[in-house]
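# Chains, contacts and geometry: an overview
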Amino acid sequence: WAAEDAVGKVAVVGRPNVGKSSLLNALLGQERMVVNPVAGTTRDSVACEYEWRGEKLLLIDTAGIRRQAAGGEEREELDRAAVAAARVAISQCHVALLLLDAYQGLTRADLAIAGLVTEQQKSCVIVANKADRLDAAARRAFSDSVRERMPWLDYAPVLHASALTGAGVDEALDTAARALAGGG
């Protein structure tokens, strides 16, 4: 991706099965990324060029970042390679869309991934996916939980979206584009 320096790079990061590939498919309006309920379907970071409101972007779908040995010994080597590729995507992106599962709630893995984003000093947009499964009070409570448990990301907006219905997906990319332009 280094040759694409003139293009804004947006990496979609998060733990397995939070809807990273589904979110990108919703943005693209087509099934470009493989989606499967089995954790570990995305094994490598997949980049695709996309024009959004006149801006050229490189959208990067990453493998879910999980703790070591979370899939058993057979998967450990593949998982290590997938996590390494996701870490590279974070280091090379301009903006990270940190995808969280709003229905399931925050986990230690979410906090660790948020830490990776801040360690690399990246702009960040927090996307609470699966928000369509929550009422307004539960969405507010989730946002409050994010602010309380991730104070180091107080600069990052928390948006509610649903990759399944498409709600909030455009807003997520609009916010990432503003961050690329230096406007937050």
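What comes next is a walk through the structure. These numbers come from a predicted model, not from an experiment. (Residues numbered from 1 in each chain as written. Predicted model: local features only at pLDDT ≥ 70, side-chain atom pairs only at ≥ 80, totals over all residues. Heavy atoms only, no water.)

### As for the packing of aromatic side chains
Across all of its chains, the model carries 1 aromatic pair by this definition. Of note, Arg 133 hangs over the ring of Tyr 103, and the distance from its end group to the ring centre comes to 3.6 Å. (Phe/Tyr/Trp six-rings, centres within 6.5 Å; stacked < 30°, edge-to-face > 60°. Lys NZ or Arg CZ within 6 Å of the ring centre and 35° of its normal.)

### So, helix 4 (residues 136-149)
Taking 1.5 Å per residue, 14 residues should reach 20 Å; helix 4 reaches 20 Å between its end C-alpha atoms and fits that length. Of all the residues in helix 4, the buried ones are Phe 142, Ser 143 and Val 146. Looking straight down helix 4, one finds its buried side chains confined to an arc of 95 degrees; they lie on one side. In helix 4, the exposed positions that point more than 90 degrees away from the buried face belong to Arg 140, Asp 144 and Glu 148. Where the residues of helix 4 are buried, they touch strand 4 (95-101), strand 5 (123-129) and strand 6 (158-160). Taking the backbone nitrogen of Ala 137 as reference, a side-chain oxygen 3.2 Å away marks Asp 135 as the first, capping residue of helix 4. (Helix = DSSP H or I, 4+ residues; strand = E, 2+ residues; numbered from the N terminus. Expected span 1.5 Å × (residues − 1). Buried < 20%, exposed > 50% of the residue type's maximum accessible area, 1.4 Å probe, protein only. Arc of directions from axis to C-beta. Contact = heavy atoms within 4.5 Å. Polar contact = N/O pair within 3.5 Å; in protein donor to acceptor, adjacent residues only side chain to side chain.)

### Observations regarding the sheet that holds strand 6
With respect to topology, 6 strands assemble into an open sheet ordered 2-3-1-4-5-6, the strand pairing being mixed. Either end of the sheet is taken by a strand with one partner, and the two such strands are strand 2 (46-52) and strand 6. Across this sheet, the average inter-strand angle for adjacent strands is 25 degrees, counted without regard to direction. In terms of strand pairing, strand 1 (residues 8-13) meets strand 4 through 4 bridges, oriented parallel. The residue bridging Val 13 from the neighbouring strand is Leu 98, located in strand 4. Against the sheet, helix 1 (residues 20-28) touches strand 1, strand 2, strand 3 (55-61) and strand 4, its axis set at about 155 degrees to strand 3. (Pairing = 2+ DSSP bridges. Axes fitted to C-alpha atoms, helices over the stretch in contact; angles between N-to-C directions.)

### Let's talk about helix 3 (residues 108-119)
Relative to the 16 Å expected for 12 residues at 1.5 Å per residue, helix 3 spans 16 Å between its end C-alpha atoms, a close match to the ideal helical length. Residues of helix 3 that are buried: Asp 110, Leu 111, Ile 113, Ala 114, Gly 115, Leu 116 and Val 117. Once helix 3 ends, the next one or two residues include Gln 121, with phi positive near 55 degrees.

### Considerations on the pairing of strand 2
Here strand 2 pairs with strand 3 via 7 bridges, running antiparallel. When the bridges of strand 3 are listed, Cys 48 appears paired with Leu 59. Hairpin geometry of strand 2 and strand 3 is characterised by an intervening segment of 2 residues between the two adjacent antiparallel strands and by a positive phi of about 50 degrees at Arg 53.

### Some remarks on the nonpolar core
Val 13, Leu 98, Leu 100, Ile 126, Val 146, Met 150 and Leu 153 are the most contacted members of the largest nonpolar core, which has 29 residues in total. Elements with a contribution of two residues or more to this core: strand 1, helix 2 (73-92), strand 4, helix 3, strand 5 and helix 4. Considering every element that reaches this core, the biggest residue donor is helix 3, with 5 residues. Excluding residues within four positions of it along the chain, Leu 98 makes contact with Val 13, Ile 113, Ala 114, Cys 124, Val 125, Ile 126, Val 127, Met 150 and Leu 153. If you look at the next biggest cluster of nonpolar residues, it comprises 26 residues, including Leu 23, Leu 28, Leu 59 and Ala 176. (Core = buried A, V, L, I, M, F, W, Y, C linked by side-chain atoms within 4.5 Å.)

### Points about unusual backbone geometry
The phi dihedral of Asn 17 is positive, around 65 degrees, even though this residue is not glycine. One can find Asn 17 in the loop between strand 1 and helix 1. Even without a glycine there, the phi angle at Arg 53 is positive, about 50 degrees. A relative accessible area of 58% places Arg 53 in the exposed class.

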